[in-house]
Amino acid sequence: MLLFLICLANAVDLRLKLPARQIRCFGDRLQEKEMIQGFVEGESADYSLKITDTGLNKQLFYTYHELTQKFTQLFNETTQIQICIHNLAHYQMNIQFFYEQGIQAELASIKDLKEVEKQVIQYNNTLQHLKSAQQDLMQLQTNRNEKMNVISSKIILFSILTIGLMIVVTITFTIKAAKVMKQKKSY
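It should be emphasised that the depicted structure is a prediction, and the values quoted were computed from it without experimental measurement.

1. A word on the pattern of salt bridges
Consideration 1: Here the structure, examined in full by the defined rule, presents two salt bridges.
Consideration 2: R15 is the salt-bridge partner of D13, the closest N and O atoms lying 3.4 Å from each other.
Consideration 3: Under the relative-accessibility criterion, D13 is labelled partly exposed at 42%.
Consideration 4: With a closest N to O distance of 3.8 Å, E115 and K118 form a salt bridge. Placement of the pair is E115 and K118 together in helix 2 (residues 102-186), with a separation of three residues, close to one helical turn.
Consideration 5: A residue is classified by how much of its surface remains accessible, and E115, at 42% relative accessible area, is partly exposed.

2. Topic: the environment of Q69
Consideration 1: Along the chain, Q69 turns up in strand 6 (residues 68-75).
Consideration 2: Its relative accessible area of 1% is what places Q69 among the buried residues.
Consideration 3: For the pair formed by Q69 and G55, sequence separation is 14 residues and the distance between their alpha carbons is 24 Å.
Consideration 4: Within the local environment of Q69, its side chain forms a polar contact with the backbone oxygen of Y47, the two atoms lying 3.3 Å apart.

3. Focus: the sheet that holds strand 3 (residues 34-42)
Consideration 1: With antiparallel pairing, four strands are arranged side by side in an open sheet as 1-8-3-6. Only two strands of the sheet have a single partner each, and these edge strands are strand 1 (11-18) and strand 6. Across the sheet, the mean angle from the axis of one strand to that of its neighbour is 15 degrees, orientation sign disregarded.
Consideration 2: Summarising the sheet, strand 1 and strand 8 (residues 93-101) pair through eight bridges and their orientation is antiparallel. Residue L18 lies in a different strand from strand 8, and its bridge partner there is M93.

4. Details of the packing of aromatic side chains
Consideration 1: Counted by the stated rule, this structure contains five aromatic pairs.
Consideration 2: Each ring, one from F61 and one from F71, has its centre 6.5 Å from the other, and the planes form 50 degrees; the classification is tilted. A residue pair is termed long-range when its members are at least 10 positions apart, and F61 in strand 5 (residues 58-64) and F71 in strand 6 qualify at 10 residues.
Consideration 3: Since its relative accessible area comes to 2%, F71 is described here as buried.
Consideration 4: Chaining the aromatic ring pairs together yields one cluster made of F26, F97 and Y99.

5. Some remarks on the UniProt feature "transmembrane region" (unreviewed entry) in the chain
Consideration 1: Sites flagged by UniProt as "transmembrane region" (unreviewed entry) map to residues 155-175.
Consideration 2: Taken end to end, residues 155-175 is 100% helix and 0% strand, and its first and last C-alpha atoms sit 30 Å apart.

6. Focus: the pairing of strand 7 (residues 79-87)
Consideration 1: Across eight bridges, strand 2 (residues 23-30) lies against strand 7 in antiparallel orientation. Across the sheet, residue R24 finds its bridge partner in strand 7, namely I85.
Consideration 2: One ladder, built from seven bridges, connects strand 4 (residues 47-53) with strand 7; its direction is antiparallel. From the neighbouring strand, D53 faces strand 7, where its bridge partner is I81.

Reading the values: the criteria
- Residues numbered from 1 in each chain as written.
- Predicted model: local features only at pLDDT ≥ 70, side-chain atom pairs only at ≥ 80, totals over all residues.
- Heavy atoms only, no water.
- Salt bridge = Lys/Arg side-chain N within 4 Å of Asp/Glu carboxyl O.
- Buried < 20%, exposed > 50% of the residue type's maximum accessible area, 1.4 Å probe, protein only.
- Helix = DSSP H or I, 4+ residues; strand = E, 2+ residues; numbered from the N terminus.
- Polar contact = N/O pair within 3.5 Å; in protein donor to acceptor, adjacent residues only side chain to side chain.
- Pairing = 2+ DSSP bridges.
- Axes fitted to C-alpha atoms, helices over the stretch in contact; angles between N-to-C directions.
- Phe/Tyr/Trp six-rings, centres within 6.5 Å; stacked < 30°, edge-to-face > 60°.
- UniProt positions renumbered as here; feature names shortened; annotations may be inferred.

Here you go:
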């Protein structure tokens with residue numbers, strides 16, 4: 001029974017109705033090297049989430065206009081925190097607030113990090129495949145350009161040869177025609 005109560009003390013899952021333009025705050029005392037994590041989710045994105053270290057009077061986290069707002073924070077010193085949810089809408093909003101601290105939060109964050117690591121590896125593999133595909137495309141483009149240059153050179157050479165041949169044929173026929181005309185005049 002005692003273990004069950006300790007587990008309940010480390011996690012909070014609340015569903016609350018937050019009136020329009022109202023703020024609801026929760027406080028907690030944390031030990032050295034303790035981690036917290038959780039999320040807030042509303043019916044719409046018209047709310048903000050702020051986490052403040054009241055011992056240092058320092059804002060640690062602030063986010064707004066997201067449907068689900070997640071947070072994770074590690075504390076190196078014993079301190080007190082305040083978590084505030086502010087309904088920015090002009091209407092009452094249903095809010096879900098989940099918060100956990102201590103070992104459970106640490107284990108959950110390690111699990112989350114493993115998932116993130118898997119995703120990073122997948123993204124890295126995808127990026128490597130994209131780079132490889134891009135290099136293949138660049139190589140194909142280079143090969144195509146080289147082939148086009150060879151074909152262009154052949155076309156230009158064929159055109160020059162054709163024009164040269166036409167000039168030679170024209171000059172030859174002109175000379176022969178001139179000879180034929182001279183011979184006809186001499187008759």
